[in-house]
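Working through the structure, step by step
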Amino acid sequence: MRGQNYSLWSLLKHGFKNHQTWEPAWERVALKPSYDVVIVGGGGHGLATAYYLAKNHPEVGKIAVLEKGYLGGGNTARNTTIVRSNYLWDESAAIYEHSLKLWEGLTEDLNFNVMFSQRGVFNLGHTLQDMRDIERRVNANALQGIDAHVLNAQEVKEKIPQLDCSRSRRFPVLGASWQPRAGIAHHDAVARGFARAASRLGVDLIEGCEVTGMDIQGGKIRGLQTNLGAVRTDRVGCVAAGHSSVLATMAGLRMPLESHPLQAFVSESMQRVIDTVIMSNAVHGYLSQSDKGELVIGAGIDSYVGYGQRGSPHVIEHTAAAIIELFPQFSRVRMNRQWGGIVDVTPDACPIISKTAVQGLFFNCGWGTGGFKATPGSGHVFADMLAKGEPNQLAKAFAVDRFLTGHLIDEHGAAGVAH
Ligand SMILES: Cc1cc2nc3c(=O)[nH]c(=O)nc-3n(C[C@H](O)[C@H](O)[C@H](O)COP(=O)(O)OP(=O)(O)OC[C@H]3O[C@@H](n4cnc5c(N)ncnc54)[C@H](O)[C@@H]3O)c2cc1C
């Protein structure tokens, strides 16, 4: 669909033709026998990688994205879309801030409205230790040039009048960190925007194409097996989120990853009462309100590993209780639907953007519960790695060998709750 502004007339015209006449957003093409670069996984990160690769490195040649389901149907379609960059350590703050800067120009860059709304994100503190951690992180952010502020309970109450800040609560609000430039974006629009832009640059987007095996000869990647046939290529980027370790196994590699279900749910639509994003590690829940008026509520990960896109009822129960702790007035709001995704978690809660022992095979994974915010930044640096064969300055710290050398970047504090 070209452009975003449909007149009533064009809606009626296409409606009378059973919506058969819209111009497709991206070209449907058949899988070719060979490509210069193949990206496995057509989620936000894979599509962003393809877009920046085709845009910034046209010399690489012909690119394909292979997606086993439909584009953007994995975690991209299932996440709660929080975008922020106020992480603790320099390495992660730098890559998330790079991403946030790309978000700020993304709608114009893609000529597609990704509905990025910088409505701010609050991370609540409920104990003295929470507040000390918040102060430490905000001070680090100040040194990193990231907008972040420490607010006391009264300042939080002024900005979020609906939040119960009374001292008598089980988890009283003592204050918060606040990043004004943070916010949310529309997950489907992000996938479609990158897909449309990549397709227009000549990238082949192949849906219903599952990678089932890898051809590796002499320590080099030579091709992939798929349910649609074999593909020859000597450069592969795996961006398959919850299924990264499955792909690694095909290459005989073992990634330090665990795949866990992560859930979210939304309420019935109601009048707009929340105009920001509120997260709490201590009560273990977070929420925002969509343009349709639904409360979008995120839960924590299930403690067990698995590939079922569901999650356990007790996690939902715990999260609903957490939200009611913060907003007792929401106890009568009905919940409409719940769903789950599969996130791949690393031991230090930071991603892996890395070369591997197999020449020409690269992995971008381990974004865990927080990769949506990284979509443009991750795609941008991974495209650079696929083009040059080496990590750039932002990606360097995220090489998989940090689990051997011990150079871990522990972001468990910033990623203590699903986000
Ligand atoms: C409930 C929930 C809430 C979340 N909330 C947030 C949030 O608020 N903010 C945030 O920053 N992050 C959040 N996340 C995390 C975020 O969604 C992920 O980190 C991020 O989306 C992962 O990257 P991706 O978009 O490319 O993954 P995906 O969209 O999962 O893309 C990977 C793709 O690879 C495909 N694939 C897998 N195996 C193969 C194969 N063998 N062959 C071909 N294709 C294959 C899959 O079908 C899938 O489409 C949340 C996740 C969940 C589940």
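Since this is a predicted model, take the numbers as computed values, not measurements.

It is worth spelling out the domain arrangement of the protein chain at this point. The parts lose accessible area when they come together, and the size of an interface is often stated as this lost area. As far as domains go, the protein chain holds domain 1 (31-116 + 182-256 + 348-419) and domain 2 (117-181 + 258-345). Placing a centre on the C-alpha atoms of domain 1 and another on those of domain 2 gives a separation of 26 Å. At the interface, 40 residues of domain 1 touch 43 residues of domain 2. Summed over both partners, the interface of domain 1 with domain 2 comes to about 3,300 Å²; 53% of that surface belongs to carbon and sulfur atoms. Where domain 1 touches domain 2, the interface holds 2 salt bridges. Ionic pairing is found between Arg-181 and Glu-97, a salt bridge with its closest N-O pair at 2.9 Å. Joining domain 1 to domain 2, the criterion identifies 25 residue pairs in polar contact (both at pLDDT 80 or more). Among the secondary structure elements, those contributing two or more residues to the side of domain 1 that touches domain 2 are α3 (75-78), β3 (82-83), α4 (90-110), β7 (183-184) and α8 (244-250). The element best represented in the side of domain 1 that touches domain 2 is α4, accounting for 6 residues. By residue class, the composition of the side of domain 1 that touches domain 2 is 19 nonpolar, 15 polar and 6 charged.

So, on to helix α10 (residues 375-388). The end-to-end C-alpha distance of α10, which contains 14 residues, comes to 20 Å, matching closely the 20 Å that a straight helix rising 1.5 Å per residue would cover. Extensive coverage of α10 is indicated by the burial of 12 of its 14 residues. Downstream of α10 by one or two residues, Gly-389 has phi in the positive range, about 80°.

Next up on the list: the layout of surface pockets. Empty space among the atoms becomes apparent when a probe as large as a water molecule is rolled across them. Roughly 460 Å³ of internal volume is contained in the second largest pocket. Contributing to the lining of the second largest pocket are 23 residues, with His-186, His-187, Ser-290, Glu-294 and Val-296 lying nearest its centre. Of all the elements in the fold, those that place two or more residues in the lining of the second largest pocket are α3, α7 (187-200), β15 (285-289), β16 (294-301) and β17 (335-345). Class assignment of the residues belonging to the lining of the second largest pocket gives a composition of 7 nonpolar, 9 polar and 7 charged. Both domains that meet at the lining of the second largest pocket, namely domain 1 (31-116 + 182-256 + 348-419) and domain 2 (117-181 + 258-345), each give it at least three residues.

With that settled, consider the packing of α4 against α10. In contact at an axis separation of 7 Å, α4 and α10 are set at 110° when each is read in the N-to-C sense. As the angle between them shows, α4 and α10 are arranged roughly perpendicular. Taken together, the residues of α10 that come into contact with α4 (itself represented by Ile-95, His-98, Ser-99, Leu-102, Trp-103 and Leu-106) are Thr-375, Pro-376, Gly-377, His-380 and Val-381. Along the lines of polarity and charge, the residues of the contact of α4 with α10 split into 6 nonpolar, 5 polar and no charged.

Tallied over the entire structure, the rule returns 9 aromatic pairs. A network of ring pairs unites the aromatic residues Tyr-51, Tyr-52 and Phe-194 as a single cluster. Here the guanidinium or amino end of Lys-159 rests over the ring plane of Trp-178, the centre of that ring lying 4.4 Å away.

Let's shift gears to the pairing of β16. Counting buried residues along β16, 7 of its 8 residues qualify, which places the element largely inside the surrounding structure. Sheet topology note: the strand β13 (residues 258-269)/β16 ladder contains 5 bridges and is antiparallel. Across the sheet, residue Ser-269 finds its bridge partner in β16, namely Glu-294. Here β15 runs beside β16; their pairing, made up of 4 bridges, is antiparallel. Residue Gln-289 lies in a different strand from β16, and its bridge partner there is Leu-295. In textbook terms, the turn of a hairpin is the stretch between consecutive antiparallel strands, and for β15 and β16 this stretch comprises 4 residues, one of which, Gly-293, has a positive phi near 95°.

Of all hydrophobic cores here, the largest spans 52 residues; its most connected members are Leu-53, Trp-103, Phe-194 and Ile-353. Mapped onto this core, the elements with two or more residues apiece are β1 (37-40), α2 (44-56), β2 (63-66), α4, α7 and α10. Beyond its immediate sequence surroundings of up to four residues, Phe-194 is in contact with Leu-47, Ala-48, Tyr-51, Tyr-52, Leu-106, Leu-110, Thr-375 and Pro-376.

This brings us to a nonpolar patch on the surface. Taken together, the side chains of Leu-8, Trp-9, Leu-11, Leu-12 and Phe-16 make up a nonpolar region of the molecular surface, amounting to roughly 640 Å² of accessible area. Mapped onto the secondary structure, Leu-8 falls in helix α1 (residues 8-16).

Cut-offs and rules
Residues numbered from 1 in each chain as written. Predicted model: local features only at pLDDT ≥ 70, side-chain atom pairs only at ≥ 80, totals over all residues. Heavy atoms only, no water. Domains from an automatic or database assignment. Contact = heavy atoms within 4.5 Å. Buried area = accessible area lost by both parts, 1.4 Å probe. Salt bridge = Lys/Arg side-chain N within 4 Å of Asp/Glu carboxyl O. Polar contact = N/O pair within 3.5 Å; in protein donor to acceptor, adjacent residues only side chain to side chain. Helix = DSSP H or I, 4+ residues; strand = E, 2+ residues; numbered from the N terminus. Nonpolar A, V, L, I, M, F, W, Y, C, P; charged D, E, K, R; others polar. Expected span 1.5 Å × (residues − 1). Buried < 20%, exposed > 50% of the residue type's maximum accessible area, 1.4 Å probe, protein only. 1 Å grid on protein atoms, 1.4 Å probe; cavity = no way out; pocket = protein on both sides within 12 Å on 5 of 7 lines; lining within 4 Å. Points joined across faces, edges and corners; volume = space filled by probe spheres on them. Axes fitted to C-alpha atoms, helices over the stretch in contact; angles between N-to-C directions. Parallel < 35°, antiparallel > 145°, perpendicular 65-115°, else oblique. Phe/Tyr/Trp six-rings, centres within 6.5 Å; stacked < 30°, edge-to-face > 60°. Lys NZ or Arg CZ within 6 Å of the ring centre and 35° of its normal. Pairing = 2+ DSSP bridges. Core = buried A, V, L, I, M, F, W, Y, C linked by side-chain atoms within 4.5 Å. Patch = residues over 30% accessible without salt bridge, like charges linked within 9 Å, V, L, I, M, F, W, Y side chains within 5 Å. Areas by Shrake-Rupley, 256 points an atom, 1.4 Å probe, with all protein chains shown as cover.

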